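Topology and contacts: notes
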Amino acid sequence: MQRWILPSLIVCILMGVLSVGLYWMYRQNKPDSQWVPLPLRAEISSSEMADAQKDIDRTLRQSAVLSSVVQDLSLQQELGVLSEAEAVQALSAMMFVREGEFQDPMTMVTYKSMNIGCDGKRKQRVLLGKIAVRLGTEVRKSLGIVDQK
C-alpha cells in the first residue's frame, strides 16, 4: 500500500497542473469585444440613430479605409494571414458598429452613443483595442471632428 502513495501523489499533481493549464487556455480563447464610444446628441431619434449606424458602417467598410488600417497596424502579421486582402477581409468580419450608451466619467450623465469596434478572442485584447481606436479615428476624420491635443 505504501508504495502507491508516491505515484498517486505525482499523478494528482500532474492532473492539477493539467487542469489549471486547460482552464487558462479556455479563458484566453473566450470571445471578447473592444470598442470606442462615439457620443451622440441626447435627443436623437431611433431612425436617425439607425441611419447614422448605416452611414458609419458604410464609411468604415470602404476598401481604402480597411487597407489603411491593416497597413498601419500590421494586421497581416498580427492575424497570421498570407496576404493583405485576407487581412482586410478578416478585419471586415471582425468589426462592428452598434448602438450603445456612454457614461461621462466627469458628470456621470449617460448619453446615447455609437460603439465602433471589433470582436475577437480575449488573448487578442490589446490588438482589438488598437483596432477600435484606429477605426474611431477614421470615423472622426470622416465626420470632420478635429482631435484636440
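I will try to describe carefully the structure that is included in this document. Just so you know, these numbers come straight off a predicted model, no measurement behind them. (Residues numbered from 1 in each chain as written. Predicted model: local features only at pLDDT ≥ 70, side-chain atom pairs only at ≥ 80, totals over all residues. Heavy atoms only, no water.)

A few words now on unusual backbone geometry. Excluding glycine, most residues fall at negative phi; most peptide bonds, likewise, are trans. Despite not being glycine, Ser74 shows a phi value in the positive range, around 55 degrees. Along the chain, Ser74 falls in the loop between α3 (63-73) and α4 (75-79). Not every positive phi belongs to a glycine, and Met108 is a case in point at roughly 60 degrees. Within the secondary structure, Met108 is located in the loop between β2 (95-103) and β3 (110-121). (Helix = DSSP H or I, 4+ residues; strand = E, 2+ residues; numbered from the N terminus.)

As enumerated under the stated definition, the model contains nine salt bridges in all. Residues Arg41 and Glu48 are paired through a salt bridge, measuring 3.1 Å at the closest nitrogen-oxygen approach. Its relative accessible area of 37% is what places Glu48 among the partly exposed residues. The partner of Arg134 in a salt bridge is Asp72, with the nearest N and O atoms 2.3 Å apart. Placement of the pair is Arg134 in helix α6 (residues 125-143) and Asp72 in helix α3, with a sequence separation of 62 residues. Exposure remark for Arg134: the relative accessible area of 14% places this residue in the buried category. (Salt bridge = Lys/Arg side-chain N within 4 Å of Asp/Glu carboxyl O. Buried < 20%, exposed > 50% of the residue type's maximum accessible area, 1.4 Å probe, protein only.)

Turning to α3, a few remarks are in order. When we look at burial in α3, the residues that qualify are Val65, Leu66, Ser67, Val69 and Val70. Buried residues along α3 sit in contact with α2 (46-60), α4, α5 (84-94), β2 and α6. Within two residues after α3, Ser74 carries a phi angle of roughly 55 degrees, on the positive side. (Contact = heavy atoms within 4.5 Å.)

Of the strand pairs in this sheet, β2 and β3 are connected by nine bridges, and their pairing is antiparallel. Considered in β3, the bridge of Phe102 is made with Tyr111. Between β2 and β3, which pair antiparallel in sequence order, lie six residues; one of them, Met108, sits at a positive phi of approximately 60 degrees. (Pairing = 2+ DSSP bridges.)

To continue, consider the sheet that holds β2. The three strands are arranged β1-β3-β2 in an open sheet whose pairing can be described as antiparallel. Sheet topology places β1 (31-39) and β2 at the edges, where each strand pairs with a single neighbour. Mean inter-strand twist for the sheet, computed between neighbouring axes without regard to direction, equals 35 degrees. (Axes fitted to C-alpha atoms, helices over the stretch in contact; angles between N-to-C directions.)

Bringing α6 into the picture now. Taking 1.5 Å as the rise per residue, α6 with 19 residues should run 27 Å; its terminal C-alpha atoms sit 27 Å apart, in good agreement. Every buried residue of α6 is listed here: Leu127, Leu128, Gly129, Ile131, Ala132, Arg134, Leu135, Gly136, Glu138 and Val139. One or two positions beyond α6, positive phi appears at Gly144, with a value near 80 degrees. (Expected span 1.5 Å × (residues − 1).)

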